[in-house]
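Secondary and tertiary structure notes
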Amino acid sequence: MKIGVFALQGAFIEHERALRALGVDTVEIRRREHYQSLDGVVLCGGESTVQGKLLREIGLMDPLKRDIEAGLPVFGTCAGMILLASKLSNDESVYLGTMSAIVRRNAYGRQLGSFKREAQMEGVGSYPMVFIRAPFVEKVYGDARSLAEVDGHIVAVRQKNMLATAFHPELTDDLRVHQYFLGMIG
């Protein structure tokens, strides 16, 4: 199995470390030629506006969107959740727009609003969640479903081949969310 980790920004090395610990080959995607023969992809945290701009600049926004719509498994964390969302409640931007979810950017405030919380995630159990300038999901619709909530806000969503978390599982030593994603790959 080979997973592409978008190495445009954010904690991509930590995602690679987690996936390798689970016995998975990874490739860093920085240019269009790196995006080939993959079983799944990870969209890391960081700044969604910058990542969207970079995806367009390297010519991968449209191919990635087409591949996700065709069933390519994708795991988006934090900014990755924003990139996948069909709508942002506090921003006019739409990036990939493949997940039936309305997301609020920077919902917990600035960097100083970062926090950790132990909460239940469907299919995973109690999990140590790390939130950094995190979004949350205001609403899911269609066949998207909530997998976890913190303080009444949706922080993990699954829809078919897509998994998105507002938190950063790559910043913990707990590999169960990455394992959950790998379990989604046929």
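About the criteria used
- All residue numbers here refer to positions counted from 1 along the written sequence of the relevant chain.
- Under the rules for a predicted model, residues below a pLDDT of 70 receive no local features and side-chain atom pairs below 80 are neither given nor counted, while totals for whole chains, interfaces and linings still include all residues.
- Side-chain descriptors were evaluated using all non-hydrogen atoms of the structure, hydrogens and water having been removed beforehand.
- Helix and strand definitions follow DSSP, with helices as H or I runs of at least four residues and strands as E runs of at least two, each counted in order from the N terminus.
- Working definition: with a 1.4 Å probe on protein chains only, accessible area under 20% of the residue-type maximum means buried, over 50% means exposed, and in between means partly exposed.
- Any two residues whose heavy atoms approach within 4.5 Å at even a single point are treated as in contact.
- Each accessible area is a Shrake-Rupley result for a 1.4 Å probe, and residues are judged covered by the shown protein chains and nothing else.
- Charge assignment: positive for Lys and Arg, negative for Asp and Glu; neither His nor the chain ends contribute.
- Every charge is mapped to an atom, namely NZ of Lys, CZ of Arg, CG of Asp or CD of Glu.
- Two rings from Phe, Tyr or Trp (for Trp, the six-membered ring) form a pair when their centres sit within 6.5 Å of each other. Planes less than 30 degrees apart are called stacked, planes more than 60 degrees apart edge-to-face, and all others tilted.

1. Side note on the overall build of the chain
- Scanning the chain from terminus to terminus reveals five helices and twelve strands.
- For the chain, the spread of C-alpha atoms along the three principal axes comes to 40 × 35 × 35 Å.
- A burial count over the chain gives 52% of its 186 residues as buried.
- In the chain, the proportion of contacts linking residues at least 24 apart, taken out of those at least 6 apart, comes to 63%.
- When the accessible surface of the chain is summed, it comes to about 8,100 Å², and 47% of that surface belongs to carbon and sulfur atoms.
- Each charge class in the chain can be summarised by its mean position, and for the 22 positive and 22 negative side chains these summaries are 3 Å apart.

2. Observations concerning the packing of aromatic side chains
- This structure, assessed with the given rule, holds five aromatic pairs.
- An angle of 35° between the planes, with centres 5.5 Å apart, marks the rings of Phe-75 and Phe-181 as tilted. With Phe-75 in strand 4 (residues 74-77) and Phe-181 in helix 5 (residues 176-183), this pair connects stretches of sequence that are 106 residues apart. Of the two residues, Phe-75 and Phe-181, neither departs from the other in class, the shared state being buried.
- Taken together, a centroid distance of 5.9 Å and an interplanar angle of 65° make the contact between Phe-131 and Phe-167 edge-to-face. Taken as a pair, Phe-131 in strand 8 (residues 125-131) and Phe-167 in the loop between strand 12 (162-165) and helix 5 lie far apart in primary sequence, 36 residues in all.

Geometric descriptors of this kind do not, in isolation, establish any biological role.
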